[in-house]
Amino acid sequence: MSTIHNPTSLKVNTSTLLSQLSLARTNDGLTRSIRNISTGLRIENGRDDPVGFITGSAMRTDLVLMKQAVSNNQRANQAISLVDSTLSSVNNLINDLRGIVTQAANTGIENTATLASLQLQADAIIDAIDYFSTSTIFNGQKLLDGSLDFNSIVSNSTSLQKIEIRQANFNGRTEKDIVTEIITPPSRAELYYTSGGLADNTIFTVGGINGKQVFNFDKTATLYDIANNVNLYTDATGIAAKVHAQGTAGSISISSYGKNNDLVLTASETGKENGNFVVKYSTTQQNNDSAYLNITQGYGNEPTIVEVVLQTEKWSNAEYTFNKSGDNIANNEFTIAAKYAGEEFNDVKFEINNVFGNTTGEVPGIDVDFTQSPKTFRINISYDENNPNNPSNTTVNQLESWIKNSPAASNYFELKHTGQSNGGGVITPTSVIEPLAKGVNGGKVISTAEQIETLINTSPELKNADGSGRLSASIPAGTIGNSAVTSFFDAAYYGSPQENNYLQFLAPENSPSIKFVSSPNELLSIDTTSEPPKYGYASAEIQGIDPDTSFTIRSREPNLANNNVAIIIRDATDESAIFDPEKNAVVISVDFTGRQNGTNPKGDFTMNDLVAMVENDPLLGKRFEIIPQVGNYDKSNPPKFTSPAYVGINSEVGKTSGGLISAGSVIVHLETDANGIVKTTANDLVKFFNDPSTAEAKTALDKLGISASIISPGNTNESVSTTGKSEIGAGLLSPTIQDNSQSKSQSSTSTSTQSGDNWNYGEIVFGQNLSGVAKASASVLARNGIDAAFQVVARKADSKYDGTEIIVVPDSSGTKVSYDAQSKQITIGIDPANPPLAKEIVDLINSTAGVADQFIA
């Protein structure tokens, strides 16, 4: 039997190795336990817990992000706190500014010095607000200067020309594709100064993104001096100045409605003073056989006003002729002629009616009715057909006498003997009175651009001392100047030189405003009926020379035809009250000389006579009425016109006004596509105004007489195109803004419709009278006659004085005068027991503080 033997080797001690392994494991576990206890971590690396380690690592990353988010939020809160604090300060400043404005509005209390102080405070507040906007910075980022309003990302910025995003609302913050259309390349903001120099010593402020700088310039400073000084402070303001060209003589094209009738006027020398001219075309109501100039020489800052009084077509009288020797009766040819020129009597129907042997009671004489249409002139004659030599037959001389003794007929017609006729021949019932010549309403302009060119270039009043012309005229290139011009008193402007759509409009007086509107699929057209003119009752207050003889003459109908009518009183034997169309005047003729010298049996002329004279005239009585200032006078003892001042009088004593309340508006529908996008350019509009595309538009524009021309962007005092054929004027038009204060304007001082505004898209309103702004005035009629009347005139030409009332109130403490700017009232207090003289009131107005600085009497 054998035995298995397991020998022992001295080199391998298995028991010891097992003991060491066990000890190592124990030490490793102890180390992990001590580490876990000391760090507080159960999992220190991946072998501790692979899945747990991965989860813990992700949680640690989230924790770091959350900590940073909290930190970011804290920094945002700090920025918001800074903005909130700043806006709170700005809000306080705005409240202070509101208080200052409210205080300054109390013009009845605050004087000039106080207002100046308030202005300084307001300026300081505005400067402080501007400072806050540029100095509120957090971590180098300006927060309130507008740079954070919108951020856009463009993939290829080199191809970008212009982008405009008015508003972007991304619901759910989802990215949206936006399609943009590049309209025009971007450009820097620019402000143009178009005058050749300074009219006076000037202080102005230049402000840009970096700040503001105040400049003081003497009136002798050149444009280069101004530009150089502005450029010295470019780093401080962010504004650079540039002189585009050397000074040139000012030039402007005066456009007229229609074709071949425009004119270019050019000053002979450079500089504001040398080119300071105002030009207007006007017409006279009466015949004007040749054009002439009325020149008011300017001085200082006042312009030289050149009024071109245009030649007009002559007025002529209607005439009707009898028989032309057709009945072979001698000395019975005559003409019945209207005394006054015009078309009023072109429709008279003459009738010759034989009443010889008539048993109806009709007797020889005349019967006229001018109140109907057609006007009738009935002549009842006596003619014995069986005895042409019957002495009872009516002769031409008898008819002449009938006309002279008929107030209705004699006021408007007279009989003239024709050829060698002595008027002794009889009138036969078979004879016919037929039109010989129709009356013509004169006043149509016949002056051409060529004639005005010669007139201006040869006028001695427009020459310098050395004989050189101060102003020259020429016909624009491409036109021939052989057409009649149109009158204009008012100018208005639209558009922008930078948008290439700057337009000038010239218009006659009382022209309607112009509005541009657009709707999809429109053609260029005008509408003159949607906003028609509004008319009032034209009237004139006439101050009588004698006590209680003042009166008002007022239109019976609201219309424009009775506006601006002159009231003429003349001393004449043919007493009448008529309307003279050629003079556009009510002519009141009274035989003051005969009545006051006792040679006229009618006695004194009274208010009763005046009222009856106007009411009984068939034409004048339809148009006007007389309203005595003392409406409840004793008609049995009426006020009398007996002053010696009426003897030999022949003068205009007043003119009616108030016939036009609103001139209305002309609506211009701009051409558009199906999407409503405007296609009409400034050139298109000029061509349309010169040559309307439809008969309806032509009729309307012929009546309005408004011209349009394009203004040069380089020189906003110069019209470069009056035909609509120019590269200038290619800019599109825009619908007008109803409120001009909302006009897109680069001017910080004005948004009105004036030449020189760089932006103006407001309603085109006429009324900038080219003869200068008139000062408000009022004539105070006095019951005690002309020696008790006085006039009050505003010291400044300012619309704020329009509508000012003058009221007289009893005041037992004595005569006092005051002015309330808020209610626009001048109050005159007088003591009824001791009424003052008119001269005393005048002296008081001119010496009372608060009144004398506003008005002069």
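## Some words on the overall build of the protein
Inference 1: Within the protein, the secondary structure is distributed over 14 helices and 40 strands.
Inference 2: Taking the intrachain contacts of the protein between residues at least 6 apart in sequence as the baseline, contacts between residues at least 24 apart amount to 66%.
Inference 3: Of the roughly 48,500 Å² of accessible surface on the protein, a fraction of 50% belongs to carbon and sulfur atoms.

## Description of the confidence of the model for the protein
Inference 1: Counting all residues, the mean pLDDT for the protein is 82, and 86% of those residues have values of 70 or more.
Inference 2: Long-range and interchain partners of residues 1-6, a stretch whose pLDDT sits below 50, account for zero contacts in this model, where long-range means more than four residues apart.
Inference 3: Note on residues 740-758: pLDDT under 50 across the span, and 51 contacts to partners over four residues away in sequence or across chains.

## Remarks on the environment of glycine 603
Inference 1: Assignment of secondary structure puts glycine 603 in the loop between α9 (592-596) and α10 (607-616).
Inference 2: On a C-alpha basis, the gap between glycine 603 and phenylalanine 592 in space is 9.7 Å, while along the polypeptide they are 11 residues apart.

## Points about the pattern of salt bridges
Inference 1: This model, assessed by the stated rule, comprises 22 salt bridges.
Inference 2: A salt bridge links lysine 375 to glutamate 344; the nearest nitrogen and oxygen atoms lie 3.2 Å apart. With lysine 375 in the loop between β13 (365-369) and β14 (376-381) and glutamate 344 in the loop between β11 (334-338) and β12 (349-354), this residue pair connects regions lying 31 residues apart in the sequence.
Inference 3: Across the pair lysine 602 and glutamate 575 runs a salt bridge, and its minimum N-O distance is 3.3 Å. With lysine 602 in the loop between α9 and α10 and glutamate 575 in the loop between β25 (566-571) and β26 (576-580), the pair connects residues that are 27 residues apart, well separated along the chain.
Inference 4: In this structure lysine 602 comes out as exposed when scored by relative accessible area, which is 55%.
Inference 5: In the salt-bridge network here, residues are joined through shared partners; they are Lys349, Glu351, Glu362 and Arg378.

## Describing the packing of aromatic side chains
Inference 1: The full count for this structure, using the stated rule, is 25 aromatic pairs.
Inference 2: The interplanar angle of 15° and the centroid separation of 4.6 Å between the aromatic rings of phenylalanine 322 and phenylalanine 334 together place this pair among those described as stacked. Here phenylalanine 334 lies in strand β11 and phenylalanine 322 lies in strand β10 (residues 319-322), a separation of 12 residues in the sequence. A single burial state applies to phenylalanine 322 and to phenylalanine 334, both of which are buried.
Inference 3: In textbook terms, an aromatic cluster arises when at least three aromatic residues are bridged by ring pairs, as seen for Tyr320, Tyr340, Phe345, Phe350, Phe370, Phe377, Tyr412 and Phe413.
Inference 4: It is arginine 554 that lies over the ring of tyrosine 537; its NZ or CZ is 5.6 Å from the centre.

## Considering helix α8 (residues 449-458)
Inference 1: What α8 keeps buried is the set Ala449, Ile452 and Ile456. Buried residues of α8, seen end-on, are gathered within an arc of 60° and therefore sit on one face of the element.

## So, the sheet that holds β26
Inference 1: The four strands are arranged β26-β27-β25-β29 in an open sheet whose pairing can be described as mixed. A single partner strand is all that each edge strand has here, and the edge strands are β26 and β29 (650-655). Here the average twist between neighbouring strands, direction ignored, is 20°.

## What about unusual backbone geometry?
Inference 1: A cis amide bond, omega 5°, links serine 373 with the succeeding residue proline 374.
Inference 2: Of note in this structure, lysine 824 is not a glycine but carries a positive phi near 55°.
Inference 3: The residue lysine 824 is located in the loop between β38 (816-820) and β39 (825-830) in this model.

## A closer look at the sheet that holds strand β5 (residues 251-254)
Inference 1: Ordered in space as β5-β6-β17, the three strands form an open sheet in which the pairing is antiparallel. Unpaired on one side and paired on the other, β5 and β17 (471-474) mark the two borders of the sheet. Neighbour-to-neighbour, the strand axes of the sheet open up by a mean angle of 25°, direction not taken into account.
Inference 2: Two strands pair when backbone bridges link them, and strand β6 (residues 263-267) and β17 are joined in this way by four bridges, in the antiparallel orientation. Paired with alanine 267 across the two strands is leucine 471, which belongs to β17.
Inference 3: Contacting β6 and β17, α8 crosses the sheet at an angle of about 160° to β17.

## Regarding helix α12 (residues 682-690)
Inference 1: The buried count for α12 comes to seven of nine residues, which makes it a mostly enclosed element.
Inference 2: All of the buried residues in α12 are Ala682, Asn683, Leu685, Val686, Phe688, Phe689 and Asn690.

## Concerning the pairing of β11
Inference 1: Of all five residues in β11, five are buried, a share of seventy percent or more.
Inference 2: Going residue by residue along β11, you find Phe334, Ile336 and Ala338 tucked away on one face and Thr335 and Ala337 tucked away on the opposite face as well.
Inference 3: As paired strands, β10 and β11 are joined by four bridges and run antiparallel to one another. Within the sheet, the bridge partner assigned to tyrosine 320 lies in β11 and is isoleucine 336.
Inference 4: Summarising the sheet, β11 and strand β15 (residues 413-417) pair through five bridges and their orientation is antiparallel.

## Some thoughts on the pairing of β26
Inference 1: For β26, the tally of buried residues reaches five of five residues, placing the bulk of the element in the interior.
Inference 2: Here β26 shows two buried faces, one formed by Ser576, Ile578 and Asp580 and the other by Ala577 and Phe579.
Inference 3: Note: β26 against strand β27 (residues 585-590), five bridges, orientation antiparallel. Pairing of serine 576 across the sheet is with serine 589, part of β27.
Inference 4: Two successive antiparallel strands, β26 and β27, enclose a turn made up of four residues, where asparagine 584 displays a positive phi of approximately 50°.

## Regarding the environment of glycine 544
Inference 1: In this fold, glycine 544 is placed in the loop between β23 (539-542) and β24 (551-555).
Inference 2: The sequence separation of glycine 544 and glycine 785 amounts to 241 residues, and the corresponding C-alpha distance is 5.6 Å.
Inference 3: The residues contacting glycine 544, other than those within four sequence positions of it, are Thr549, Ser550, Tyr646, Gly785 and Ile786.

## Some points on the side chain of serine 550
Inference 1: Here serine 550 is to be found in the loop between β23 and β24.
Inference 2: Separated by 3.0 Å, the side chain of serine 550 and the backbone nitrogen of glycine 544 make a polar contact.
Inference 3: Apart from the residues within four sequence positions on either side, serine 550 is in contact with Ile542, Gln543, Gly544, Met607, Pro628, Gln629, Leu781 and Ala782.

Calculation criteria
- Residues numbered from 1 in each chain as written.
- Predicted model: local features only at pLDDT ≥ 70, side-chain atom pairs only at ≥ 80, totals over all residues.
- Heavy atoms only, no water.
- Helix = DSSP H or I, 4+ residues; strand = E, 2+ residues; numbered from the N terminus.
- Contact = heavy atoms within 4.5 Å.
- Areas by Shrake-Rupley, 256 points an atom, 1.4 Å probe, with all protein chains shown as cover.
- pLDDT = per-residue confidence, 0-100.
- Salt bridge = Lys/Arg side-chain N within 4 Å of Asp/Glu carboxyl O.
- Buried < 20%, exposed > 50% of the residue type's maximum accessible area, 1.4 Å probe, protein only.
- Phe/Tyr/Trp six-rings, centres within 6.5 Å; stacked < 30°, edge-to-face > 60°.
- Lys NZ or Arg CZ within 6 Å of the ring centre and 35° of its normal.
- Arc of directions from axis to C-beta.
- Pairing = 2+ DSSP bridges.
- Axes fitted to C-alpha atoms, helices over the stretch in contact; angles between N-to-C directions.
- Polar contact = N/O pair within 3.5 Å; in protein donor to acceptor, adjacent residues only side chain to side chain.

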